[in-house]
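Architecture and fold: a report
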Amino acid sequence: MQDMADVLGPLFAGALRSGLVIDLILLLVLAEAALLWWLGRRFRRGPGLGAVWPTLVSGVLLLLVARAALTGAGWAWIALLLALAGLSHVLDLVLRGRSGPS
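A quick note: this is a predicted structure, and the numbers were derived from the prediction, not measured. (Residues numbered from 1 in each chain as written. Predicted model: local features only at pLDDT ≥ 70, side-chain atom pairs only at ≥ 80, totals over all residues. Heavy atoms only, no water.)

Topic: the overall build of the chain
The condition that has to hold: In this text, helices come from DSSP runs of H or I with a minimum length of four residues, and strands from runs of E with a minimum of two, each type numbered from the N-terminal end. Computation of the radius of gyration draws on C-alpha atoms, with the globule rule given as 2.2 Å multiplied by the number of residues to the power 0.38. Using a 1.4 Å probe on the protein chains alone, a residue whose accessible area is under 20% of its type maximum counts as buried, one over 50% counts as exposed, and one in between counts as partly exposed. Contacts are assigned to residue pairs with any non-hydrogen atoms lying within 4.5 Å of each other. As used throughout, the charge tally considers Lys and Arg to be positive and Asp and Glu to be negative, leaving His and the chain termini uncounted. In this description, the location of a charge corresponds to atom NZ of lysine, CZ of arginine, CG of aspartate or CD of glutamate.
Helices and strands together make up the secondary structure of the chain, namely 4 helices and 0 strands. When the helices and strands of the chain are read in sequence order from the N terminus, they spell out α-α-α-α. Compactness check: the chain gives a C-alpha radius of gyration of 18 Å against a globular reference of 13 Å for 102 residues, more than 25% above the reference. Seen along its three principal axes, the alpha-carbon backbone of the chain occupies a region of about 55 × 35 × 20 Å. In the chain, which comprises 102 residues, the proportion classed as buried is 22%. Expressed as a percentage of contacts within the chain between residues at least 6 apart in sequence, the contacts between residues at least 24 apart total 60%. Side chains of the chain carry 8 positive and 5 negative charges; the gap between the two charge centres is 20 Å.

The following block contains the structure:
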């Protein structure tokens, strides 16, 4: 019987190289955003999307950076996505600063 690592190692490596792992994480982030939206609409609970969208966008952009790097995208695409993630992060900080301490 083969060792589990011998079987899963190549599968996981292939999933990383193809970007599939990042795609699955992006689906989880999308599900998180949908859940936050639904909770806000249905029960008026949770922070809602309005409060966390810059954080989610920044995270998604960083995941896209990882996906681009893993799949061999050009450095210009990676740099652009990193710059956009940085801008989103700055926007998040500015918006949090305006809303006061949490």
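Now that the structure has been shown, we can carry on.
Brief notes about a nonpolar patch on the surface
What counts, and what does not: Residues enter patches when their relative accessible area tops 30% and they take part in no salt bridge; the joining distance is 9 Å for like charges and 5 Å for the nonpolar side chains Val, Leu, Ile, Met, Phe, Trp and Tyr. Surface exposure here means Shrake-Rupley accessible area, sampled with a 1.4 Å probe, where a residue is shielded only by the protein chains that are shown. For this analysis, a salt bridge means a side-chain nitrogen from Lys or Arg found within 4 Å of a carboxyl oxygen belonging to Asp or Glu.
Together, Met-4, Val-7, Leu-8 and Leu-11 make up an exposed nonpolar region whose accessible area comes to about 400 Å². With respect to the helices and strands, Met-4 occurs in helix H1 (residues 4-18).

Quick word on the nonpolar core
This is how it is decided: Working definition of a nonpolar core: buried Ala, Val, Leu, Ile, Met, Phe, Trp, Tyr and Cys residues. They are joined through side-chain atoms within 4.5 Å.
In this structure, Ile-22, Leu-26, Val-29, Ala-33, Leu-36, Val-52, Leu-56 and Leu-63 together form the largest nonpolar core, which totals 8 residues. For this core, the secondary-structure elements that each account for two or more residues are helix H2 (20-43) and helix H3 (48-70). Counting residues per element, this core draws most heavily on H2, at 5 residues. Filtering out sequence-adjacent residues up to four positions away, Leu-56 remains in contact with Val-29, Glu-32, Ala-33 and Leu-49.

As for the confidence of the model for the chain
What counts here: A residue's pLDDT is the confidence the predictor assigns to it, expressed on a 0 to 100 scale.
The pLDDT averaged across the chain works out to 89; a share of 95% of its residues lies at or above 70. At the low end of the mean pLDDT range in the chain sits H1, at 82; at the high end sits helix H4 (residues 75-98), at 94.

What about the environment of Gly-19?
Structurally, Gly-19 can be placed in the loop between H1 and H2. According to the relative accessible area criterion, Gly-19 is buried, its value standing at 1%. For the pair Gly-19 and Leu-87, spaced 68 residues apart in sequence, the C-alpha separation works out to 24 Å.

Observations concerning the packing of H3 against H4
Defined as follows: Angles here are taken between N-to-C directions and fall from 0 to 180 degrees, while the axes themselves are lines fitted to C-alpha atoms, restricted in helices to the stretch in contact. Angle categories are assigned with fixed cut-offs, so that under 35 degrees is roughly parallel, over 145 is roughly antiparallel, 65 to 115 is roughly perpendicular, and the rest are oblique. Handedness of a crossing is defined here by the sense of rotation of the near helix relative to the far one, left-handed for an anticlockwise turn of less than a right angle and right-handed for a clockwise turn.
For the pair H3 and H4, interaxial distance at closest approach is 8 Å and the crossing angle is 165°. In terms of axis orientation, H3 runs roughly antiparallel to H4. In this structure, H3 crosses over H4, and the sense of that crossing is left-handed. Where H3 approaches H4, its residues Trp-53, Pro-54, Thr-55, Val-57, Ser-58, Leu-61, Leu-62, Leu-64, Val-65, Ala-68 and Ala-69 are matched on the opposing element by Ile-78, Leu-81, Leu-82, Leu-84, Ala-85, Ser-88, His-89, Leu-91, Asp-92, Leu-95 and Arg-96.

Some points on the packing of aromatic side chains
So the rule is basically this: Geometry of aromatic contacts follows a simple scheme: Phe, Tyr and Trp rings, the Trp one being its six-membered ring, pair when their centres are within 6.5 Å, and the pair is stacked under 30 degrees between planes, edge-to-face over 60, tilted otherwise.
The tally for this structure, following the rule as stated, stands at 1 aromatic pair. Here the aromatic rings of Trp-38 and Phe-43 are separated by 5.4 Å at their centres, their planes lie at 90°, and the arrangement is edge-to-face. Judged by its relative accessible area of 40%, Trp-38 is partly exposed. Classification of Phe-43 as partly exposed rests on a relative accessible area of 43%.

Notes on the side chain of Asp-92
The topology assignment puts Asp-92 in helix H4. The class for Asp-92 is buried, based on a relative accessible area of 8%.

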